[in-house]
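The lines below spell out each chain.
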Amino acid sequence: MARVALAHVAKVYPNGTRALDDCTLEVADGELLVLVGPSGCGKSTVLRLVAGLEDATAGEIRIGDTVVNDLPPQARNVAMVFQDYALYPHMTVRRNLEFPLRMRGNARPDIDRRVATVTRQLGIEALLDRLPKQLSGGQRQRVAMGRALVREPAVSLLDEPLSNLDAKLRVDVRAEIAELQQRTRTTMLYVTHDQVEAMTLGDRVAVLNGGRLQQVASPRELYERPASAFVAGFIGNPPMNLLVGRLGHEASGRVSITLAAGTLTIAADRMPHALPAGDGTVTIGIRPEALTLADARTASALALTVEHVEWLGHETLAHLRASTDGVSRVVARLPGMHALTTGQPIALTVDPERIYVFDREGHALTP
Ligand code: ADP
């Protein structure tokens, strides 16, 4: 097993597409790192660069202590698992698992030992004599994992491995992968576009957007301290409300935030970074759960109008618009069931400790 380190890696495809820009990222030995971002942000490109299926345009890629930029894929000792499983349909599960080892010319006793180990780890002993078409989606995915793991690779690369499974199975197999990784301590780089999958699976999560790494952190830190407005809006469901606001200084020393729906204030020490130059226009981030129903007379309450309501049983999602401009949209997540009706005016307060401020470039100004 080994760590993977990318230093200032860039990839420009021959047609000029800059898929990855100045990417510096490390997966520690035995770590499961999830790479997440919207479609086309460069996730698969990172995997293909590590696997050696693409050449980096710039930068250095290491597996363990070896610079692998010039090594062919077969010399890198990485295994890849794809969403389409890529099992050989005419071979039994056992033959599928043996295949990569036979190709490498491993001795029979070694092949038997490795297949037995992986079969046990994955709990697929009963499936060994079946053909892929005789397996469920989840079982096929398990065999595909097994075929990667029998090689005892230094690094496993997983490219959206669960996207062909239905929602329920995805949750089960996700838990299995996490458990398997914990047990085997295989270094894994796992790619998904699904932020829920990323947050529930990764020790650490790397968020990529437009070929640029936005933040690498634990799920909790991504949620509580997003480094950019992009991360703030991408992580969390429903996502953080991102609103246009204007900052000002109050005589009290606090910082005022003027929004379409009202004015909020936060303590000056919530803003350790200097206020941006210019007219003070910023992006304000408020998580749906940081909003609380209030009396309309409450100071610094936001004045909103109910647009539509989703009753989910344990909570109510209220989709709202600022009463003044009727344009700015806000989603509030209120515990329990609330009798709200479309067109009803409501007032909401915001926990000032949970207000985020981002500058014009989207960089976080709050810690
Ligand atoms: P993701 O996996 O995040 O969906 P990719 O890494 O596949 O994204 O692609 C990143 C960008 O590079 C996209 O704009 C995609 O269209 C482009 N791209 C991917 N592969 C190639 C290629 N072989 N040639 C040209 N452009 C490519």
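Source: prediction; values computed, not measured.

K.L.:
Before we go on, may I ask you to explain the layout of surface pockets in this structure?
P.N.:
Summary: where empty space remains is shown by rolling a probe the size of a single water molecule over the atoms. Its boundaries defined by the atoms lining it, the largest pocket holds a volume of some 580 Å³. In terms of lining residues, the largest pocket is bounded by 21 residues, among which Val78, Ala79, Met80, Pro100 and Arg151 are the most central. For the lining of the largest pocket, the leading source of residues is strand β6 (residues 78–82), giving five residues. Here the lining of the largest pocket is composed, by residue class, of 16 nonpolar, two polar and three charged. There is about 170 Å³ of room inside the second largest pocket. As for the second largest pocket, its lining consists of 11 residues, of which Leu149, Glu152, Pro153, Thr184 and Thr186 are closest to the centre. Looking at the lining of the second largest pocket, the element that brings in the most residues is helix α3 (residues 108–122), giving four residues. For the lining of the second largest pocket, the class distribution of residues is five nonpolar, four polar and two charged.

K.L.:
How should I be thinking about the pattern of salt bridges in this particular structure?
P.N.:
Side chains that carry opposite charge are capable of pairing whenever their charged atoms lie near each other. Using the criterion set out here, one finds 21 salt bridges in the structure. Between Glu98 and Arg102 there is a salt bridge, with its nearest N and O atoms 3.4 Å apart. A residue pair is termed a helical-turn pair when its members lie 3 or 4 positions apart in one helix, as Glu98 and Arg102 do in helix α2 (residues 93–103) at four residues. For Glu98, a relative accessible area of 4% translates into the label buried. A salt bridge links Arg321 to Glu307; its shortest N-O distance comes to 2.4 Å. Here the residue Arg321 occupies a position in strand β17 (residues 315–322), and Glu307 occupies one in strand β16 (residues 302–311), the gap between them amounting to 14 residues. With a relative accessible area of 22%, Arg321 lands in the partly exposed category.

K.L.:
How should the sheet that holds strand β5 (residues 66–67) be read in this particular structure?
P.N.:
Overall, antiparallel pairing links the four strands, which are arranged β2-β1-β4-β5 in an open sheet. Every interior strand has two partners, whereas the edge strands, β2 (18–27) and β5, have only one. Note that strand β1 (residues 4–12) and β2 share six bridges and pair antiparallel. Across the sheet, the residue bridging to Leu6 is Leu25, located in β2. Of the strands in this sheet, β1, β2 and β4 (58–63) touch helix α1 (residues 43–51), which is tilted by about 115° from β1.

K.L.:
Would you mind going over the nonpolar core with me for this structure?
P.N.:
Grouped burial of nonpolar side chains is what soluble globular proteins tend to show. Of all hydrophobic cores here, the largest spans 40 residues; its most connected members are Met145, Ile177, Tyr190 and Val207. Among the elements that take part in this core, helix α4 (residues 137–149) stands out by supplying five residues, more than any other. Those residues in contact with Ile177 that lie beyond four places of it in its chain are Met145, Leu158, Leu162, Met188 and Tyr190. Residues Ile257, Ala290, Val306 and Val309 belong to the second largest nonpolar core, which totals 31 residues.

K.L.:
Explain the environment of Gln215 to me, please; I cannot follow it from the model alone.
P.N.:
Inspection of the secondary structure puts Gln215 in strand β10 (residues 212–217). Once the C-alpha coordinates of Gln215 and Ile346 are considered, the two residues, 131 residues apart in sequence, prove to be 36 Å apart. The residues contacting Gln215, other than those within four sequence positions of it, are Val205, Ala206, Val207, Glu221, Leu222, Arg225, Pro226, Ala227 and Val231. Only 2.7 Å separates the side chain of Gln215 from the backbone nitrogen of Ala227, close enough to count as a polar contact.

Thresholds applied
Residues numbered from 1 in each chain as written. Predicted model: local features only at pLDDT ≥ 70, side-chain atom pairs only at ≥ 80, totals over all residues. Heavy atoms only, no water. 1 Å grid on protein atoms, 1.4 Å probe; cavity = no way out; pocket = protein on both sides within 12 Å on 5 of 7 lines; lining within 4 Å. Points joined across faces, edges and corners; volume = space filled by probe spheres on them. Helix = DSSP H or I, 4+ residues; strand = E, 2+ residues; numbered from the N terminus. Nonpolar A, V, L, I, M, F, W, Y, C, P; charged D, E, K, R; others polar. Salt bridge = Lys/Arg side-chain N within 4 Å of Asp/Glu carboxyl O. Buried < 20%, exposed > 50% of the residue type's maximum accessible area, 1.4 Å probe, protein only. Pairing = 2+ DSSP bridges. Contact = heavy atoms within 4.5 Å. Axes fitted to C-alpha atoms, helices over the stretch in contact; angles between N-to-C directions. Core = buried A, V, L, I, M, F, W, Y, C linked by side-chain atoms within 4.5 Å. Polar contact = N/O pair within 3.5 Å; in protein donor to acceptor, adjacent residues only side chain to side chain.

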